[in-house]
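# Results of the structural survey
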Amino acid sequence: QKEVEQNSGPLSVPEGAIASLNCTYSDRGSQSFFWYRQYSGKSPELIMSIYSNGDKEDGRFTAQLNKASQYVSLLIRDSQPSDSATYLCAVNKGGNQFYFGTGTSLTVIP
Amino acid sequence: NAGVTQTPKFQVLKTGQSMTLQCAQDMNHNSMYWYRQDPGMGLRLIYYSASEGTTDKGEVPNGYNVSRLNKREFSLRLESAAPSQTSVYFCASIAGGANEKLFFGSGTQLSVL
């Protein structure tokens, strides 16, 4: 069983719509959760981190965490073509061991 | 401020050849990591070093060795390269403590023929 699971997509949404990305993790003891964005041919960059159950908002991005269900999600409101990228879910298992999912490819259609 | 520097950026090897991928960070970070990225596989952790002088296996350590030479440098060695090791390799580091943001290098594209 993989540590972090994501739907690989691809996910396509029209410009201005809400994009919803989902992730599950296997280690119930995990404490820290992250969303990274990766443009084609580039390195991943951190866009959101979340540590507590509930929602965390940052601009157009909202991360949601449900530890009971071992589920993390990312909502992107008012999606823009510049949001087209692969989104990677990551988990700190403890001891600074960071594990990533396979990524979800998002395309925002103008 | 250079951040995380990886060398080389591109490399082509023949099966059985050896090579070392170099990584250095200038942010005084405690922990460093090596990941590989293959199409459809996301980032997979090869080895990590939680602090200077320590190294631990990740998800896919077979065929690799690492050295945490000092606090700045963390190298990845392929002793006998195989076509299955064709991948993009990323080095990353974090400060540690409450700061868990991973800083990535620009990656090394490795092809093993």
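Further up the page is the structure itself.
Scope of this entry: the structure provided in the associated data block.

What counts, and where the lines are drawn
Residues numbered from 1 in each chain as written. Chains lettered and ligands numbered in written order. Predicted model: local features only at pLDDT ≥ 70, side-chain atom pairs only at ≥ 80, totals over all residues. Heavy atoms only, no water. Helix = DSSP H or I, 4+ residues; strand = E, 2+ residues; numbered from the N terminus. Buried < 20%, exposed > 50% of the residue type's maximum accessible area, 1.4 Å probe, protein only. Contact = heavy atoms within 4.5 Å. Pairing = 2+ DSSP bridges. Axes fitted to C-alpha atoms, helices over the stretch in contact; angles between N-to-C directions. Buried area = accessible area lost by both parts, 1.4 Å probe. Salt bridge = Lys/Arg side-chain N within 4 Å of Asp/Glu carboxyl O. Polar contact = N/O pair within 3.5 Å; in protein donor to acceptor, adjacent residues only side chain to side chain.

## Things to note about the environment of Phe98(A)
In this structure, Phe98(A) sits in strand β10 (residues 98-100). Judged by its relative accessible area of 0%, Phe98(A) is buried. Each C-alpha atom, one on Phe98(A) and one on Tyr36(A), is 12 Å from the other, the two residues being 62 residues apart in sequence. With sequence-adjacent residues up to four places away left out, Phe98(A) is seen in contact with Phe34(A), Val91(A), Asn92(A), Tyr33(B), Tyr35(B), Leu45(B), Ile94(B), Glu100(B) and Leu102(B).

## Digging into the sheet that holds strand β3 (residues 19-25) of chain B
Residues and elements named next belong to chain B. Spatially, β1-β3-β8-β7 is the arrangement adopted by the 4 strands of the open sheet, whose pairing is antiparallel. The open sheet terminates on both sides in strands that have one partner only, identified here as β1 (4-7) and β7 (64-68). Each strand axis lies, on average, 15° off the axis of its neighbour in the sheet, ignoring direction. Pairing of β1 with β3, which is carried by 4 bridges, proceeds in the antiparallel orientation.

## Focus: the interface of chain A and chain B
Many structure descriptions define interface size as the accessible area lost when the parts assemble. Chain A puts 20 residues into the contact, and the matching count from chain B is 22 residues. For the pair chain A and chain B, the summed buried surface comes to about 1,700 Å²; carbon and sulfur atoms form 53% of the total. The largest contributions to the chain A side of the interface with chain B come from Asn96(A), Phe98(A) and Phe100(A), which together make up 32% of the buried area. Applying the counting rule to chain A against chain B returns 0 salt bridges. Counting every contact that joins chain A to chain B gives 8 residue pairs in polar contact (both at pLDDT 80 or more).

## What to know about the side chain of Arg37(A)
All names here are of chain A. Topologically, arginine 37 is positioned in strand β4 (residues 32-38). Relative accessible area serves as the criterion here: at 14%, arginine 37 is assigned to the buried category. A polar side-chain atom of arginine 37 sits 3.4 Å from a polar atom in the side chain of tyrosine 39. In contact with arginine 37, not counting residues within four places along its chain, are Ser43, Pro44, Glu45, Ile47, Phe61, Asp83, Ala85, Thr86 and Tyr87.

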